[in-house]
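Chain residues, written in single-letter form:
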Amino acid sequence: MSEQNDYDEAVNWLYDLQYFGMKLGLANTRALLAELGNPHEKLKAVHVAGTNGKGSVCAFLTSILMDSGMKVGTYTSPHLRDFGERICINEFPMTRSEVLSSIKAIRPRVEAMAERDMQCTFFEVTTCMAFQYFARRKVDAAVIEVGMGGRLDSTNVLEPVLSIITTISKEHTQYLGETVKKIAGEKAGIIKKGVPVVSAVDEPGAMKVVESKAREMKSKLHNVCDVEIINSGLYGSTLSVNTSPNKYKNICIKLPGKHQAMNASTSILAAEILGQGIFPIKQENIIRGMERTRWNARLQVVRHNPDVIVDATHNPGGVQTLAIFLKKHFSHKPPILVLAMLIDKEVEPVVKALEPLVSEIIVTESSYNRRMKAADLAAMFKSEVEVIDSVSAAVDRAMSLAGKNGTVLVTGSIFTAAEALTHLDNLKLREMVHILSKSLGSGAYPGRDPGIAGPPPPGSQEPFRVLISTILSQRTKDENTHIATEALFAKYDNPKKLADAKPEDIEPLIKPAGFFKQKTRHIIQTSKELRDSYGSRVPDNIEELVSLPGVGRKTANCVLAYGFGIPAIAVDTHVHRISNLMGLVKTREPDDTEEVLERIVPVELWLDINRLMVRHGQTICAPMKPRCGECPISHLCDYGIYH
């Protein structure tokens, strides 16, 4: 079974635990954590509860703590598109191999508990995985979002250094209670004895509940102060925040919407408290951390021409903040709405709030099993709506209606947002390839004259030449690689010749490629390995190729693609960096980027992605002083849009 199949089977086992429903209570979580050695006791955690704003506050705090030089674990839910997004370290999601390893370690213990009539739920197991992962990776701080409620939520086994409660409104009433006061009581359940609390609760009844609980637990309560919005727009706001004793003027955040001002103020106050002897946070860390914070699918502008905004709003509290945003920024040019919701949410308030604020309405449905049928959702509108079966088709239709100068808003649930983002990434990839192909021509190819028009067909080049020229191509321009390759292969055109060559004979030939001493050593060592272990044959599989001296996955994939015609996506530092800047991936290393791109990029574009991003990175999107003003794909790039 392949690693991908192993991953699918493991994650499906985890998802199947959802059939045991939502179970409020801490007994199973405590028991499972005890089996794991109580990793949560090793964490210095910040615990965040509330109805709306929890995720944004977690994102702000993570960014501030990172700017302070700390390794930060962040646990949020649900994920947008990949399970690993729930469990991040320094904003990088768990890779699929890390998720697989974690599930393999915890599964036998979960199954053994089930045999003792202690059946863990999906969220209980996921929470324990997060705590174990953070403890094993020795994070300096953990920012933990409550799943539902607080008092009986699995995360409430923590003894945090700070508790935070954001806004409170009606949600999950079948579990948390029918009134805001009862819901507030559940959320206030995260307050621990003597642990300070930051509260952004503004509903009077809920405020009294939180204040009462804080007094009972002898926990100092810090209420979030007012925040002034100096200016705001589609890409964020500039704020003035007075925390008493400190005043922050012109704090810039890239999360748009009036509601994010309160989330920002909450985070700043929390960071100041944490900086008082708990973590080494300074004011400059707060300012820089706030500015660099991103949180996907929260009024996120994902592209221009037309502008497309994706928002995961799904409840009455969230839709009110969305409505305020639309009234302020789109009163003269209302967007086209794409809406898909879940059947167990309060749909009527969402429809009522959004209907008068948009120009056209397209109703659809996600593929999630709790989706509301598009026809049923359409029937709740008074005005005329267009019904389209899938989120992707609905987005296409809305973009077509909007034209280059219009705006599309996609909202209704986290699942709607996820499907829209996946589809928009696919469009982004295809549009990027089309634009860069026109602007860059042939692109980059290992060892080939970059002036030759058109790409070489996969498998059309001699594998040994591809291997050596790709080694030569590292940290140099294509033109220099070509010169060095031509000079080298004029004298040494097979592994036997190169294996017996002397370094002083090779170095002058490849000097134009730079780092010639190191590359000479790799070339000779690789040639000897091919001669001695492979009969001078270049292997045609990734495992053997990466075992060769000086050969990484990028070089190996070039050999597979260009030398053997085997589908492979070669990821070098340019591809890794640009993919992250564009928002296609969120990865630590090029190998992680390769794994993600293989999942999201159509196979027919694999070679195009490599050759075009490499050339784009060499000419426009350089690591130092990128020429964003000259970039033909800035309208598709997260970095370009928000900078």
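Here, the structure is the one placed above.
Nothing here was measured: the structure is a model prediction, and the numbers come from that model. (Residues numbered from 1 in each chain as written. Predicted model: local features only at pLDDT ≥ 70, side-chain atom pairs only at ≥ 80, totals over all residues. Heavy atoms only, no water.)

**Q** Even after reading the chapter, I still don't get the sheet that holds strand β11 (residues 247-253), so can you show me in this structure?
**A** Strands pair in a sheet through their backbones, by hydrogen bonds, and they do so in one of two ways: parallel or antiparallel. On the basis of which strands lie adjacent, the open sheet formed by three strands has the order β9-β10-β11 and antiparallel pairing. Pairing within the sheet leaves two strands with one partner each, and these edge strands are β9 (227-233) and β11. Looking at each pair of strands side by side, their axes are set apart by 15 degrees on average, direction ignored. (Pairing = 2+ DSSP bridges. Helix = DSSP H or I, 4+ residues; strand = E, 2+ residues; numbered from the N terminus. Axes fitted to C-alpha atoms, helices over the stretch in contact; angles between N-to-C directions.)

**Q** Would you take a moment to explain the side chain of His635 for this structure?
**A** With respect to the helices and strands, the residue His635 is situated in the loop between α25 (606-619) and α26 (638-642). A distance of 3.0 Å separates polar atoms of two side chains, one belonging to His635 and the other to Glu431. What His635 contacts, discounting residues up to four positions off in sequence, is Arg303, His304, Asn305, Glu431, Ile435 and Ile641. (Polar contact = N/O pair within 3.5 Å; in protein donor to acceptor, adjacent residues only side chain to side chain. Contact = heavy atoms within 4.5 Å.)

**Q** What is the right way to look at helix α5 (residues 122-136) in this model?
**A** One turn of the α-helix equals 3.6 residues, which is why residues spaced by three or four share an orientation. Taking 1.5 Å per residue, 15 residues should reach 21 Å; α5 reaches 21 Å between its end C-alpha atoms and fits that length. Most of α5 is tucked away: 13 of the 15 residues are buried. (Expected span 1.5 Å × (residues − 1). Buried < 20%, exposed > 50% of the residue type's maximum accessible area, 1.4 Å probe, protein only.)

**Q** What is the right way to look at the environment of Val391 in this model?
**A** Take Val391: it is sitting in helix α14 (residues 391-402). Residues Val391 and Ala420, 29 residues apart in the sequence, show an inter-C-alpha distance of 6.2 Å. For Val391, the contacting residues outside a window of four places in its chain are Thr364, Glu365, Ser366, Thr416, Glu419 and Ala420.

**Q** Even after reading the chapter, I still don't get the side chain of Lys519, so can you show me in this structure?
**A** Note on placement: Lys519 falls in helix α20 (residues 516-534). Contacts of Lys519, omitting those with residues within four sequence positions, involve Ile471, Leu472, Ser473, Gln474, Thr476, Ile510, Ala513 and Gly514.

**Q** Please explain the pairing of strand β17 (residues 407-411) as it appears in this structure.
**A** Two faces, one strand: in a regular strand the side chains alternate between the faces of the sheet. Most of β17 is tucked away: five of the five residues are buried. Burial along β17 is two-sided: Thr407, Leu409 and Thr411 facing one way and Val408 and Val410 facing the other are all buried. The pairing of strand β13 (residues 307-310) with β17 spans four bridges and is parallel. Bridge pairing in β17 links Val310 to Val410. Where strand β14 (residues 336-339) meets β17, four bridges bridge the pair, whose relative direction is parallel. If you follow Ile336 over to β17, its bridge partner there is Val408.

**Q** Just checking my understanding: could you explain the packing of helix α16 (residues 463-473) against α20 for this structure?
**A** The relative placement of two packed helices comes down to the angle between their axes together with the axis-to-axis distance. It is at 10 Å that the axes of α16 and α20 come closest, and there the two elements cross at 155 degrees. On the basis of the axis angle, α16 is roughly antiparallel to α20. When the axes of α16 and α20 are compared, the crossing they make is right-handed. The segment α16 lies against α20, with Phe464, Leu467, Ile468, Ile471, Leu472 and Ser473 engaging Lys519, His522, Ile523, Thr526, Ser527 and Leu530. (Parallel < 35°, antiparallel > 145°, perpendicular 65-115°, else oblique. Left-handed = near helix turned anticlockwise from the far one by under 90°.)

**Q** Before we go on, may I ask you to explain the pattern of salt bridges in this structure?
**A** Working definition: two side chains of opposite charge can pair if their charged atoms are close together. Within this structure, the stated rule accounts for 32 salt bridges. Residue Asp82 is joined to Arg599 by a salt bridge in which the shortest nitrogen-to-oxygen separation is 3.6 Å. Note that Asp82 is positioned in the loop between β2 (72-75) and β3 (87-89) and Arg599 in helix α24 (residues 590-600), a separation of 517 residues in sequence. The closest approach of N and O atoms between Asp344 and Arg370, which form a salt bridge, is 2.7 Å. With Asp344 in the loop between β14 and α12 (347-354) and Arg370 in the loop between β15 (360-363) and α13 (374-378), the pair connects residues that are 26 residues apart, well separated along the chain. With a relative accessible area of 42%, Asp344 lands in the partly exposed category. (Salt bridge = Lys/Arg side-chain N within 4 Å of Asp/Glu carboxyl O.)

**Q** For this particular structure, what's the right way to read the sheet that holds β15?
**A** Across the sheet, six strands lie side by side as β12-β13-β17-β14-β15-β16; this open sheet has mixed pairing. At either end of the open sheet lies a strand with only one pairing partner, and these are β12 (300-303) and β16 (386-387). Where β14 meets β15, four bridges bridge the pair, whose relative direction is parallel. Looking across to β15, one finds that Leu337 is bridged to Ile361.

**Q** Got a minute to help me understand the layout of surface pockets in this structure?
**A** Empty space left among the atoms is revealed by rolling a probe the size of a water molecule over them. In this structure, the second largest pocket spans a volume of roughly 520 Å³. If you trace the second largest pocket, you find 25 residues lining it, with Gln474, Arg475, Lys554, Asp572 and Thr573 closest to the centre. The set of elements that each furnish at least two residues to the lining of the second largest pocket consists of α17 (478-489), α22 (553-564), α23 (573-582), α24 and α25. The element best represented in the lining of the second largest pocket is α22, accounting for four residues. (1 Å grid on protein atoms, 1.4 Å probe; cavity = no way out; pocket = protein on both sides within 12 Å on 5 of 7 lines; lining within 4 Å. Points joined across faces, edges and corners; volume = space filled by probe spheres on them.)

**Q** Even after reading the chapter, I still don't get the pairing of β14, so can you show me in this structure?
**A** What you see with β14 is no split at all: Ile336 and Val338 on one side and Leu337 and Leu339 on the other are buried throughout. Between β14 and its parallel partner β15, the chain crosses via α12, and the hand of that crossover is right-handed. (Right-handed = clockwise from strand over helix to strand, strands pointing away.)

**Q** What exactly am I supposed to notice about empty space enclosed by the protein here?
**A** Under the criterion given, the structure shown has two cavities of 30 Å³ or more. If you add up the space inside the largest cavity, you get close to 130 Å³. Taken together, 15 residues line the largest cavity, and the ones lying closest to its centre are His616, Cys621, Cys628, Cys631 and Cys637. Those elements that place two or more of their residues in the lining of the largest cavity are α23 and α26. Top element by residues in the lining of the largest cavity is α23. It accounts for three residues.

**Q** Can you walk me through unusual backbone geometry in this structure?
**A** Leaving glycine out, the prevailing phi sign among residues is negative, and the prevailing peptide bond configuration is trans. Omega for the bond connecting Ser77 with Pro78 falls within 30 degrees of zero, at -10 degrees, which places this linkage in the cis form. Tracing the sequence through the fold places Pro78 in the loop between β2 and β3. The amide bond that connects Asn305 to the next residue, Pro306, takes the cis arrangement and shows omega of 0 degrees. Here Pro306 lies in the loop between β12 and β13. Notably, Ser244 is not glycine yet its phi reads approximately 50 degrees, a positive angle. Relative to the elements of secondary structure, Ser244 occurs in the loop between β10 (236-242) and β11. The class for Ser244 is exposed, based on a relative accessible area of 58%. A positive phi is found at Ser536, a non-glycine position, where the angle reads about 65 degrees. Note on placement: Ser536 falls in the loop between α20 and α21 (542-546).

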